[in-house]
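Observations on chain architecture
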Amino acid sequence: MAVADDNLEAETPLLDEAPFGIEVAERFGYYGINSNLITYLTGPLGRSVATAAADFNAWTGTALLMSLVGAFVADSFLGRFRTIVFASLLFILGLGFMSLSSATHSFDSNCKINADNMACSPPPLKVVAFFASLCLVAFAEGGLRPSIEAFGADQFDEDDKNESRAKSSFFNWWYFIMHGSCFVALLILNYIQENLSWELGFGIPCIMMCFTLMIFLLGSMRYRFRVNNDERDPFVRIGRVFVKAARNWQAAPVVTSIEGTRFKFLEKAILADDVSDRDTNVRDVDDAKTILSLAHIWCTCWGYAILFSQLSTLFTKQGSTMNRYITSTFQIPAASLQSLMSLSIVVFIPIYDRLFVPISRSITTKPAGISTLQRIGTGLFLSFLTMVVAAVVERCRLATAVEHGLVDNPTAALPMSMWWLAPQYLLFGISDVFVMVGLQEFFYDQVPGELKSIRLALYISIFGIWNFLSSFLISVVEKTTSRDGRDSWFSNNLNRAHLDYFYWLLGGLSLVTMMAFVCLAKAYVYKRKDIA
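Throughout, a residue's number is its position along its own chain's written sequence, starting from 1. Selection of residues for local features in this predicted model requires a pLDDT of at least 70, selection of side-chain atom pairs for listing and counting requires 80 or more, and totals for whole chains, interfaces and linings are taken over all residues. Neither water nor hydrogens contribute to the side-chain values; these are computed over all heavy atoms in the structure.

Notes on the overall build of the chain
If you tally the helices and strands in the chain, you get 17 helices and 2 strands. A total of 532 residues make up the chain; the buried ones form 56% of that total. Should any heavy atoms of two residues lie within 4.5 Å, those residues are counted as being in contact. Restricting the contact set of the chain to residue pairs at least 6 apart, pairs at least 24 apart contribute 81%. For helices the rule is a DSSP run of H or I covering at least 4 residues; for strands it is a run of E covering at least 2, with both sets numbered from the N terminus onward. Three labels apply to residues, based on accessible area from a 1.4 Å probe with only protein chains included: buried if under 20% of the type maximum, exposed if over 50%, partly exposed otherwise in between.

Focus on the nonpolar core
As used here, the term nonpolar core means buried Ala, Val, Leu, Ile, Met, Phe, Trp, Tyr and Cys residues forming a set that is joined through side-chain atoms within 4.5 Å. Of all hydrophobic cores here, the largest spans 79 residues; its most connected members are Phe 443 and Phe 463. What Phe 463 contacts, discounting residues up to four positions off in sequence, is Leu 64, Tyr 304, Ala 305, Phe 308, Met 436 and Leu 439. Counting 44 residues, the second-largest nonpolar core is a separate cluster that includes Ile 84, Leu 144, Leu 186 and Cys 206.

Observations regarding a nonpolar patch on the surface
The residues that make up patches have over 30% relative accessible area and no salt bridge, and they are joined within 9 Å when like-charged or within 5 Å when they are Val, Leu, Ile, Met, Phe, Trp or Tyr. The method behind every accessible area is Shrake-Rupley, applied with a 1.4 Å probe, and residues are considered shielded solely by the protein chains displayed. Note on definitions: salt bridges are taken to be side-chain nitrogens of Lys or Arg within 4 Å of carboxyl oxygens of Asp or Glu. A cluster of nonpolar side chains, contributed by Leu 343, Val 347, Ile 351, Leu 355, Ile 359 and Ile 363, occupies part of the molecular surface with about 550 Å² of accessible area. Using a relative accessible area of 36% as the deciding quantity, one classes Leu 343 as partly exposed.

Topic: helix H8 (residues 198-218)
Its 21 residues place the ends of H8 32 Å apart at the C-alpha level, agreeing with the 30 Å of an ideal helix rising 1.5 Å per residue. Trp 198, Gly 201, Phe 202, Gly 203, Pro 205, Cys 206, Met 209, Thr 212, Leu 213 and Phe 216 are the residues of H8 that are buried. By the N-cap criterion, in which a side-chain oxygen at the helix start approaches the backbone nitrogen of a residue two or three places on, H8 is capped by Ser 197, the distance to Leu 200 being 3.2 Å. Given the number of residues in a helix, its expected span is that number minus one, multiplied by 1.5 Å. Two N or O atoms count as a polar contact when they lie within 3.5 Å, although within protein this holds only if one can serve as hydrogen donor and the other as acceptor, and sequence-adjacent residues are included solely when both atoms are side-chain atoms.

Focus on the environment of His 296
Structurally, His 296 is set in helix H10 (residues 278-299). Assessed through its relative accessible area of 35%, His 296 is described here as partly exposed. Apart from residues no more than four positions distant in its own chain, His 296 is found in contact with Phe 263 and Leu 520.

Some points on the environment of Pro 415
As for its placement among the helices and strands, Pro 415 is situated in strand E2 (residues 414-417). Relative accessible area serves as the criterion here: at 49%, Pro 415 is assigned to the partly exposed category. As for Pro 415 and Met 322, which are separated by 93 residues in sequence, their C-alpha atoms are 6.9 Å apart. Sequence-distant contacts of Pro 415, defined by excluding residues within four places in its chain, comprise Thr 400, His 404 and Leu 406.

Some remarks on the pattern of salt bridges
If the charged atoms of two oppositely charged side chains come close together, the side chains can form a pair. In this structure the tally under the stated criterion is 6 salt bridges. Of the charged contacts in the structure, one is a salt bridge between Glu 26 and Arg 27, with a shortest N-O distance of 2.5 Å. Both residues of the pair, Glu 26 and Arg 27, belong to the buried class. Where Arg 27 meets Glu 141, a salt bridge forms, and the shortest distance between an N and an O atom there is 2.9 Å.

Observations concerning the packing of helix H13 (residues 339-364) against helix H15 (residues 422-446)
Where H13 meets H15, the axes come as close as 8 Å, and the angle between the chain directions of the two elements is 45 degrees. Relative to H15, the element H13 is oriented oblique. With respect to the hand of their crossing, H13 and H15 are arranged in right-handed fashion. Where H13 abuts H15, its residues Leu 340, Met 341, Ser 344, Ile 345, Phe 348, Ile 349 and Tyr 352 lie against Ala 422, Tyr 425, Leu 426, Phe 428, Gly 429, Ile 430, Asp 432, Val 433 and Phe 434. In this count, Pro and Cys sit with the nonpolar residues alongside Ala, Val, Leu, Ile, Met, Phe, Trp and Tyr, while Asp, Glu, Lys and Arg are called charged and the others, Gly among them, polar. In terms of residue class, the contact of H13 with H15 is built from 13 nonpolar, 2 polar and 1 charged. Throughout, an axis means a line fitted to C-alpha atoms (over the contacting stretch in the case of helices), and angles, computed between N-to-C directions, take values from 0 to 180 degrees. What sets the label is the angle itself: under 35 degrees gives roughly parallel, over 145 gives roughly antiparallel, 65 to 115 gives roughly perpendicular, and the rest give oblique. Left-handed describes a crossing whose near helix is turned anticlockwise from the far helix through less than a right angle; right-handed describes the clockwise counterpart.

Here we look at the pairing of E2
Of the two faces of E2, only one is covered, namely that formed by Leu 414 and Met 416; the face formed by Pro 415 and Ser 417 stays uncovered. In terms of strand pairing, strand E1 (residues 322-323) meets E2 through 2 bridges, oriented parallel. Residue Asn 323 lies in a different strand from E2, and its bridge partner there is Ser 417. Strand pairing is defined by DSSP finding a minimum of two bridges between the two strands.

Here's the deal with the side chain of Thr 321
Along the chain, the position of Thr 321 falls in the loop between helix H12 (314-320) and E1. Thr 321 sits in the buried class, given a relative accessible area of 7%. From its side chain, Thr 321 meets the backbone oxygen of Gln 318 in a polar contact 2.8 Å long. The contacts of Thr 321, once residues within four sequence positions are left out, are Arg 397, Ala 412, Ala 413, Leu 414 and Leu 494.

Observations concerning the state of the cysteines
The definition used for a disulfide is geometric: two cysteine sulfur atoms within 2.5 Å. Applying the stated criterion to the full structure yields 0 disulfides. With no disulfide partner, Cys 206 has as its closest neighbouring cysteine sulfur the one in Cys 210, 4.8 Å distant. On the basis of relative accessibility, which here comes to 32%, the residue Cys 210 falls in the partly exposed class.

Structural notes on the packing of aromatic side chains
For any pair of aromatic rings, the description consists of the separation of the ring centres together with the inter-plane angle of the planes. Side-chain rings of Phe, Tyr and Trp (the six-membered ring for Trp) are treated as a pair once their centres are within 6.5 Å; stacked means planes under 30 degrees apart, edge-to-face means over 60, and tilted covers the remaining angles. This model, assessed by the stated rule, comprises 26 aromatic pairs. Ring geometry for Tyr 40 against Phe 202: centres 5.8 Å apart, planes inclined by 75 degrees, an arrangement best described as edge-to-face. You can see Tyr 40 sitting in helix H2 (residues 37-42) and its partner Phe 202 sitting in helix H8, a full 162 residues away along the chain. With a centroid separation of 6.0 Å and 40 degrees between ring planes, the pair formed by Phe 308 and Phe 428 is classed as tilted.

Concerning the confidence of the model for the chain
Overall, the prediction assigns the chain a mean pLDDT of 78, with 80% of residues at 70 or greater. The quantity called pLDDT is the predictor's confidence in a given residue, expressed from 0 to 100. Per-element confidence in the chain ranges from a low mean pLDDT of 62 for helix H6 (residues 161-167) to a high of 92 for helix H14 (residues 372-403). Segment residues 107-119 is flagged for pLDDT under 50; beyond a separation of four residues in sequence, or across chains, it makes 22 contacts in the model.

Focus: the environment of Ser 482
Mapped onto the secondary structure, Ser 482 falls in the loop between helix H16 (452-481) and helix H17 (499-523). Within the structure, the side chain of Ser 482 is placed 2.6 Å from the backbone oxygen of Glu 478, a separation counted as a polar contact.

A closer look at the packing of H14 against H15
Their axes nearest at 8 Å, the elements H14 and H15 cross at an angle of 155 degrees. Taken together, the axes of H14 and H15 are roughly antiparallel relative to one another. Of the two elements, H14 crosses H15, and the hand of that crossing is left-handed. Looking at side-chain class alone, the contact of H14 with H15 contains 18 nonpolar, 8 polar and 2 charged residues.

Thoughts on H17
Between its first and last C-alpha atoms H17 spans 37 Å; for 25 residues at 1.5 Å apiece the expected length is 36 Å, and the two agree. Listing the buried residues of H17 in full gives Leu 499, Asp 500, Phe 502, Tyr 503, Leu 506, Gly 507, Ser 510, Thr 513, Met 514, Phe 517 and Ala 521.

Okay, structure coming up:
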């Protein structure tokens, strides 16, 4: 298996040298784009609300799905360290081009809004240049997201009792650092983008990434690099099980030492005359069964992923119509409201890790207090409540527009404070602590050991696939509800739109997938009994 950096060992690894710095820079840059992209698309690039939301979901989905490709490259060819370096360089290149493309188009604020709430469009070449830079960032994200976190987890020795215990909190604090940088990005970059210049708002993360990459490289002699004891490519090893099982589907499976009755058909991959490779094949079949069993959990999280995609699109557009003045002269950008979610995550993670886990651990005797699937299920329920709250608040926003005669005046800020949106952001942030961190820990623990990067890419890919579904869902709803000349649920004039109906639809989908998750989670058999 050609993984150069996984065949090295550091003499004195330091746990505090996990690559938190480069994760901060990557998250700072990514959320600097992600959080306010809907504003840039509907403003300087002149896209409609529905088209911009579809573009956003397509880009986000691509960036997240590319994590599967990046994880494959990291686990099978380059190794995590080299993948991080190359992807970081691509990330810098993408941010640089994005800053340049936004600088070459001078946006005329006088034509920002017309009667249909549409922005003035730049020349087509400028639009192509911007989306090309977005693609570079998406490709870079594919290499960075699974590799950085897996490389950070590599710094802990699973055979050392103290380090193993510390590792149980690693994913909590990793997520804490990630959203700490997101919080700063939302407050600073969004303000710069909307009040100073977009090119500066895209250029600052580029400079920051250059700086942190240099620091990351300076510490390369002290990092811990894992040794892979199996020379076979893990993808080939596990893939062979499915191929051989399909080829021998008519044969009776041999008697093995594999426990359980799940996916017994995969045991047909073990040939009776292949005695010399019997022990290895048993392990391969067991790992293949584990991968297949994860597919059920993976599929039932799609409802949450669709809800998650609304944070940077429809929630932001909601906030743009409301009173966002903190003082008589200072107005915060609508995208900065997402910082409330990051704030709730940053505040709640220490509470969860230092208070909830010890108390629940004393009751359940489980190292993490509750199982990872119980944690995910709790978050799914909270996300359902979030959509209920969002629908009610949107109904109140529309009623305010009618009450004050502003239905046909989309440029006017409604006399309704932005803080009405705070509950849905805060509640979704708390649900995120349960779901996202739970998914990270679940896939990291359950996926076979050699696939360290693909473990995390699997949970990331959930949001990639279903971002595309969200884009498709929005397009279908847009076409269906705009028939016969009616205002669609995503009308450019949000005072005539019906985002509340869409939120109720998402809430219903969330409830259905949550019930499916509970049923499948009850039947799931953990690979490690101590976390069940």
